[in-house]
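Observations on the model geometry
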Amino acid sequence: MLAALVASVVGFLPFDEAAKNELAAAAKKLEAAQSYHFDYATAGGRGAKEEGGEAGDAAPAGGEGEAGKGRARDGEGWQIDFQRGKPLHLRHREAEFFRSEKKVAMLDPKSKQWTSVSRGAAPAPAAAEGAEKAPPMLGRMAVEIDRILFPHQLVKELGKKIGDVTRSEKDGAVTYVATLNKDVARELVGAPNDRGARREGGKREGGKREGGKREGGEGGKGEAGEAPEPKGEGAARELDCEGKMTAVASNGQITTIEIEITVKGPQPRVVRRSMKLSGIDATAVAAPAEAIAVLDI
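All values reported here derive from a predicted model rather than from experimental measurement. (Residues numbered from 1 in each chain as written. Predicted model: local features only at pLDDT ≥ 70, side-chain atom pairs only at ≥ 80, totals over all residues. Heavy atoms only, no water.)

**Points about the pairing of strand E13 (residues 253-263)**
How we decide: One requirement defines pairing of two strands: DSSP has to find at least two bridges between them. Secondary structure is summarised from DSSP: a helix means a run of H or I of at least four residues, a strand means a run of E of at least two, and numbering begins at the N terminus for each.
In this sheet, E13 lies alongside strand E12 (residues 241-250) in antiparallel orientation, the contact comprising ten bridges. By the bridge assignment for E13, Gly243 is matched with Ile261. As consecutive antiparallel partners, E12 and E13 are separated by two residues, and within that stretch Asn251 has a phi angle of approximately 55°, a positive value. Summarising the sheet, E13 and strand E14 (residues 269-278) pair through eight bridges and their orientation is antiparallel. Note that in E14 the partner of Ile261 across the bridge is Val271. Adjacent in sequence and paired antiparallel, E13 and E14 are bridged by five residues, among which Gly265 carries a positive phi angle near 125°.

Right, dumping it as structure tokens:
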């Protein structure tokens, strides 16, 4: 009788631990992926919640949201091909980029020539022979590229970054909603592509090198040289933040990750990041010879 009563009660309890373990297993598969494509978008805004949506609701790429909603950030609208051991490939609007361990190359939409800048200080661009002067936007875009958050970095040791997890299933897809630990939420607010955090004291530690290798990268002459995991400093560590991560998986493989962080205080805002993955372990993009030439690899 007692056993039956316990079983009936357990049947109504949320299986948080089982869902968390299941999500962590899917995260490990993504962390180990050799290649993948992902669409990356960010959005953030200030102000209290308003009727019809919260501040910071994502707007269409390159445009504005409805009244009271946040404006899309510079990081919105990236299409990215990640391949271990090879230059990172990116598209943003009409521009195309490749990033190696040391440089970022861009195909100028106007001149149709490849030019490059060094990662970090971004000195004067070096153009291919016969190319026009590199566009001023290249240096800025190189910085933005180094701030992009990668899915396999985000889910690294995911079990240590999240709390409660709920699980639902529909049409063969499993959706996990996980609470982010507060320190992780703070770090993500101080991470790539959030101008507000940087204004409030968030400081990025990217671009450092230890032993001749970019911090957070994997080394190797032609590798992308991944950006380090986000580390917000200063005021970003003191912000009162609550965050959640929503991950959708099919056949045990994560295909979508959405991050939503609410920053409380005098200037409340919501920061969002969206990653839609495809071609896991099946993405292959070769950099053209002209891009390789200006990347010096």
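**Considering the pairing of strand E6 (residues 114-118)**
Heads up, the rule is: Partly exposed describes any residue whose relative accessible area lies between the buried limit of under 20% and the exposed limit of over 50%, with all areas from a 1.4 Å probe on protein chains only and scaled to the type maximum.
For E6, the buried fraction is high: four of the five residues fall into the buried class. By the bridge criterion, five bridges tie strand E5 (residues 103-107) to E6 in an arrangement that is antiparallel. Looking across to E6, one finds that Met106 is bridged to Thr115. Between the end of E5 and the start of E6, which pair antiparallel, lie six residues, with Lys112 showing a positive phi angle near 60°.

**Regarding the pattern of salt bridges**
The following threshold applies: The salt bridge criterion pairs a side-chain nitrogen of Lys or Arg with a carboxyl oxygen of Asp or Glu, the two atoms within 4 Å.
Under the counting rule described, the total for this entry stands at eleven salt bridges. A salt bridge links Glu22 to Arg167; the shortest N-O distance between them is 2.7 Å. Placement of Glu22 in helix H2 (residues 16-31) and of Arg167 in strand E8 (residues 162-170) is noted, with a sequence separation of 145 residues between them. Under the relative-accessibility criterion, Glu22 is labelled partly exposed at 33%.

**Some details on H2**
Stated precisely, the cut-off is as follows: Here, expected helix span is obtained from the residue count minus one, scaled by 1.5 Å. To obtain the arc, one takes the directions from the helix axis to the C-beta atoms.
The end-to-end C-alpha distance of H2, which contains 16 residues, comes to 22 Å, matching closely the 22 Å that a straight helix rising 1.5 Å per residue would cover. Inspection of H2 places Ala19, Lys20, Leu23, Ala24, Ala26, Ala27 and Leu30 among the buried residues, and these make up the whole buried set. Considered in projection along H2, the buried side chains sweep an arc of 165° and stay on one side of the axis. Counted as exposed and oriented over 90 degrees from the buried face of H2: Glu17 and Lys28.

**What to know about the packing of aromatic side chains**
Our working definition: Think of it this way: a Phe, Tyr or Trp ring, Trp meaning its six-membered ring, pairs with another when their centres are within 6.5 Å, and the plane angle makes it stacked under 30 degrees, edge-to-face over 60, tilted otherwise.
This model, assessed by the stated rule, comprises seven aromatic pairs. Ring centres of Tyr36 and Phe38 lie 5.7 Å apart, and the angle between their planes is 55°; this geometry places the pair in the tilted category. Taken as a pair, Tyr36 and Phe38 share a single burial class, namely buried. Here Tyr36 and Phe82 contribute two aromatic rings whose centre-to-centre distance is 5.1 Å and whose plane-to-plane angle is 35°, an arrangement assigned as tilted.

**Quick notes on unusual backbone geometry**
The backbone of Glu157 sits at a positive phi, close to 50°, despite the residue not being glycine. Along the chain, the position of Glu157 falls in the loop between helix H4 (151-154) and E8. Since its relative accessible area comes to 47%, Glu157 is described here as partly exposed. We note that Asp281 has phi near 60°; this positive angle belongs to a residue other than glycine. With respect to the helices and strands, the residue Asp281 is situated in the loop between E14 and helix H7 (289-295). Assessed through its relative accessible area of 48%, Asp281 is described here as partly exposed.

Purely spatial values, then, with no claim about function.
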